[in-house]
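Fold and geometry: a report
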Amino acid sequence: MDVGGAAADVVVKEGVELTGEALKLAGEGLKNVAALLLAIKHEHYKLVGKTNAKTLAKDPSPAVVVPLKIEDKGKFQKLARSFGLLYFIPRKKGDISPTLNVVSNEANAAKLNAVFQTMGYPIPARGNQEEPAKKAIPRAQQERSSPGRGNGSKQTMERPTDKLSAKNRLEALRASSEGMKSGPVKIKEHIR
């Protein structure tokens, strides 16, 4: 028996199997990379420059709208490209107003302010947006709330105005306990 020949056959056999598995994994990886590149191509991801509302709507941050004079549009577009600003300018056909609205999102608000500041526009003041008024605290206990379980509000304990002495309270408790001891109380039990 040739031991060296058998060992060489096993090594070659294992090498062929490993090469086959490696080629299978590489093929699956290339397939996944191709699918990813195709998906990116069809989504039209744009990170800088003029875009449309659909692309800006993909970002969950709220929109920022800033007015711009029509004569400054070309200068704005050049500066926006150099600052890396993502924006779009909506305009209806036949609109002859002297201003345009530049729409971007909050993620690009700092860049938008920088572009407008470079163009000589005043920096917009932060609007003091009032928060919606909070509901008034109810003064009366609500119908559905249970005083036994509590509803989160603190309840005041009512104390009697005429204070009983300790002896009188003890006498009252003894009398009530005597009334309870008067006889056995039958309790109906349900047995299955």
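Below you will find a few notes about this structure. What you see is a predicted model, and the numbers here were worked out from it, not measured in a lab.

**Here we look at the overall build of the protein chain**
A count of helical and extended segments in the protein chain gives five helices and four strands. Its helices and strands in sequence order give the protein chain the pattern α-β-α-β-α-β-β-α-α, from N to C terminus. Within the protein chain, the fraction of its 192 residues that count as buried is 15%. Within the protein chain, contacts between residues at least 6 apart in sequence are counted, and of these 70% link residues at least 24 apart.

**Regarding helix α3 (residues 73–83)**
Each turn of an α-helix holds 3.6 residues, which means side chains three or four residues apart point in the same direction. Every buried residue of α3 is accounted for by Phe76, Leu79 and Ala80. Seen end-on, α3 carries its buried residues on one side only, within an arc spanning 105°. Turned more than 90 degrees away from the buried face of α3 sit Lys78, Arg81 and Ser82, all of them exposed. Of the surrounding elements, those touching the buried residues of α3 are β2 (63–69), β3 (86–87), β4 (99–105) and α4 (109–119).

**A word on the pattern of salt bridges**
Throughout the structure, instances matching the rule amount to one salt bridge. Put simply, Glu21 and Lys24 hold a salt bridge, and the shortest N to O gap is 3.9 Å. Highlighted residues: Glu21 and Lys24, both in helix α1 (residues 3–43), separated by three residues, approximately one helical turn. Classification of Glu21 as partly exposed rests on a relative accessible area of 44%. A residue is classified by how much of its surface remains accessible, and Lys24, at 54% relative accessible area, is exposed.

**Here's the deal with the nonpolar core**
In globular proteins that are soluble, nonpolar side chains generally tend to be buried together. Ranked by size, the top nonpolar core spans 15 residues in total, and within it Phe76, Val102 and Phe116 carry the most contacts. Among the elements of the structure, β2, α3, β4 and α4 are those that each provide at least two residues to this core. It is α4 that contributes the most residues to this core, four residues altogether. Those residues within four positions of Phe116 in sequence are excluded, and the remaining contacts are Val66, Pro67, Leu68, Phe76, Val102 and Tyr121.

About the criteria used
Residues numbered from 1 in each chain as written. Predicted model: local features only at pLDDT ≥ 70, side-chain atom pairs only at ≥ 80, totals over all residues. Heavy atoms only, no water. Helix = DSSP H or I, 4+ residues; strand = E, 2+ residues; numbered from the N terminus. Buried < 20%, exposed > 50% of the residue type's maximum accessible area, 1.4 Å probe, protein only. Contact = heavy atoms within 4.5 Å. Arc of directions from axis to C-beta. Salt bridge = Lys/Arg side-chain N within 4 Å of Asp/Glu carboxyl O. Core = buried A, V, L, I, M, F, W, Y, C linked by side-chain atoms within 4.5 Å.

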